[in-house]
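Close look at the chain arrangement
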Amino acid sequence: MSDKHKTDINELRRIMEQELSSKRYLHTLGVSYTAACLAMAHGADMESAMTAGLLHDCAKPLKGEEQIALCEKHQLDISDVERLNPSALLHAKVGAYLAQSRYGVTVPDILNAIKYHTTGRPKMSKLEKILYIADYIEPGRKHVADLEQIRQVAYQDLDATMARILENTLAYLKTTDGQIDTMTEETYQYYKHS
Ligand code: DGI
Ligand code: FE
Ligand code: FE
């Protein structure tokens, strides 16, 4: 790791500690280190994984209306489902925007990993899958069905892990009144036979 990256990552960590609630900050640290471990296991760039992990929920402190206002101000498209569920869905898109505009991230793969960390998308890059999975399996995550098995398979097969997580997420969403984003469904269709 170059010294420049070390500085950037330590600085981002300190900024996130200030910006996020202590609970969200602990989750963020968990995601960052878990993404680093998955990058080690799967031969991805570790600094990118840590940066994506540290910034993935940077828009969460903003209220739904603030996220919508920010999107309108900066001409970011909002789908109907995102407008109805801004806190669950829009924070990913707004997070990618802030990662670039406020925190100076320029690497498109990191920005896309943040943008798609909630719904996923078909044909994800290795880094995109690593962030999506790290968000679900980090050590502080509250227990969900099959979590131990999903954690194990995450270090062996990223596509199979995507399929397991999406299956669980869709089953969970069907028990809530949260609307399913077509992107979540499309991502599941793409990975389900992995
Ligand atoms: O931000 P986090 O809580 O760490 O996690 P996240 O960004 O992965 O997801 C936030 C929530 O969004 C989580 O409860 C799952 C949910 N979610 C994922 N796909 C969809 C969704 N919610 C709705 N309404 N529709 C979806 O398609
Ligand atoms: Fe999130
Ligand atoms: Fe998260």
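Residues numbered from 1 in each chain as written. Chains lettered and ligands numbered in written order. Predicted model: local features only at pLDDT ≥ 70, side-chain atom pairs only at ≥ 80, totals over all residues. Heavy atoms only, no water.

**Notes on the packing of aromatic side chains**
Evaluation of the coordinates by the stated rule reveals one aromatic pair. Considering the side-chain rings of Tyr-190 and Tyr-191, the 4.8 Å spacing of their centres and the 80 degrees angle between planes classify their relative orientation as edge-to-face. The positively charged end of Arg-141 is found above the aromatic ring belonging to Tyr-136, 4.5 Å away from the centroid. (Phe/Tyr/Trp six-rings, centres within 6.5 Å; stacked < 30°, edge-to-face > 60°. Lys NZ or Arg CZ within 6 Å of the ring centre and 35° of its normal.)

**Focus on the nonpolar core**
Inside soluble globular proteins, nonpolar side chains tend to come together where they are buried. Formed by 54 residues in total, the largest nonpolar core has its most connected members in Leu-55, Ile-133 and Ile-137. Element by element, the count of residues in this core is highest for helix 8 (residues 126-137), at eight residues. (Core = buried A, V, L, I, M, F, W, Y, C linked by side-chain atoms within 4.5 Å. Buried < 20%, exposed > 50% of the residue type's maximum accessible area, 1.4 Å probe, protein only. Helix = DSSP H or I, 4+ residues; strand = E, 2+ residues; numbered from the N terminus.)

**A short note on the coordination of the iron ion (ligand 2)**
Surrounding the iron ion (ligand 2) are the protein donor atoms Asp-57 (OD), His-91 (NE2) and His-117 (NE2), at 2.1 to 2.2 Å. Linear spacing of the donor residues for the iron ion (ligand 2) on their chain is D-x33-H-x25-H. (Donors = N, O, S within 2.8 Å, 3.2 Å for Na, K, Ca; no water.)

**Here we look at the layout of surface pockets**
Here the largest pocket is characterised by a volume of approximately 1,200 Å³. Lining the largest pocket are 33 residues, with Lys-60, Asp-135, Arg-141, Lys-142 and Tyr-172 positioned closest to its centre. Those elements giving two or more residues to the lining of the largest pocket turn out to be helix 2 (22-42), helix 6 (86-101), helix 8 and helix 10 (158-174). The class makeup of the residues in the lining of the largest pocket is 11 nonpolar, 13 polar and nine charged. Put simply, the second largest pocket is a space of about 280 Å³. What lines the second largest pocket is a set of 16 residues, among which Asp-8, Leu-12, Thr-51, Tyr-103 and Val-105 lie closest to the centre. Breaking the lining of the second largest pocket down by element, the ones donating at least two residues are helix 1 (3-19) and helix 3 (46-55). Considering each element in turn, the lining of the second largest pocket owes the most residues, six residues, to helix 1. (1 Å grid on protein atoms, 1.4 Å probe; cavity = no way out; pocket = protein on both sides within 12 Å on 5 of 7 lines; lining within 4 Å. Points joined across faces, edges and corners; volume = space filled by probe spheres on them. Nonpolar A, V, L, I, M, F, W, Y, C, P; charged D, E, K, R; others polar.)

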